[in-house]
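Fold and geometry: a report
Each chain is listed here by its residues.
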Amino acid sequence: QFNSAIEAKLAKVTLIDDKGAERALELAGGEHPANVLVVSLPALTPGHYALRYKVLAADGHVTESVLRFQVTASK
């Protein structure tokens, strides 16, 4: 979720695994608020991951960053 409307169709989101392999992610279907970006994740095995994103706001500025997370095995 962003603090302003984004051009979701121009967004780029990449999943990176702990071996450095990259995979471009598709936007999730359906209706979403103009300031929300939703992607579909593939099935993930336990490990460390990062989501790198780059979006264009409706006012023309670019926002990019990385979200890091870990998947653990369920018990």
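Residues numbered from 1 in each chain as written. Predicted model: local features only at pLDDT ≥ 70, side-chain atom pairs only at ≥ 80, totals over all residues. Heavy atoms only, no water.

1. Details of the overall build of the protein chain
Summing up its helical and strand segments, the protein chain has 0 helices and 4 strands in all. For the protein chain, the α and β elements follow one another from N to C terminus as β-β-β-β. Its C-alpha atoms give the protein chain principal-axis dimensions of roughly 45 × 25 × 20 Å. Counting the 75 residues in the protein chain, one finds 23% classified as buried. Accessible surface computed for the protein chain: about 5,500 Å², of which carbon and sulfur atoms make up 51%. Computed over 8 positive and 8 negative side-chain charges, the separation of the two mean positions in the protein chain equals 7 Å. (Helix = DSSP H or I, 4+ residues; strand = E, 2+ residues; numbered from the N terminus. Buried < 20%, exposed > 50% of the residue type's maximum accessible area, 1.4 Å probe, protein only. Areas by Shrake-Rupley, 256 points an atom, 1.4 Å probe, with all protein chains shown as cover. Lys, Arg positive; Asp, Glu negative; His and termini not counted. Charge placed at Lys NZ, Arg CZ, Asp CG, Glu CD.)

2. Things to note about the pairing of strand β4 (residues 62–71)
Both strand β3 (residues 47–56) and β4 contribute to a ladder of 10 bridges, which runs antiparallel. Note that in β4 the partner of A50 across the bridge is R68. Taken together, β3 and the strand that follows it, β4, pair antiparallel across an intervening segment of 5 residues, in which G60 is found at a positive phi of about 100°. (Pairing = 2+ DSSP bridges.)

3. Quick notes on the packing of aromatic side chains
Working definition: an aromatic ring pair is given by the centre-to-centre distance plus the angle between the planes. Applying the stated criterion to the full structure yields 2 aromatic pairs. Here F2 and Y53 contribute two aromatic rings whose centre-to-centre distance is 5.7 Å and whose plane-to-plane angle is 70°, an arrangement assigned as edge-to-face. Highlighted residues: F2 in the segment before β1 (12–17) and Y53 in strand β3, separated in sequence by 51 residues. Here the two residues F2 and Y53 agree in accessibility, since each one is buried. Residues Y49 and F69 carry aromatic rings whose centres are separated by 5.6 Å and whose planes lie at 20° to one another, so their mutual orientation is stacked. Of this pair, Y49 sits in strand β3 while F69 sits in strand β4, placing them 20 residues apart in sequence. Residue Y49 is classed as buried on the basis of its relative accessible area of 9%. Residue classification places F69 among the partly exposed residues on the basis of a relative accessible area of 24%. (Phe/Tyr/Trp six-rings, centres within 6.5 Å; stacked < 30°, edge-to-face > 60°.)

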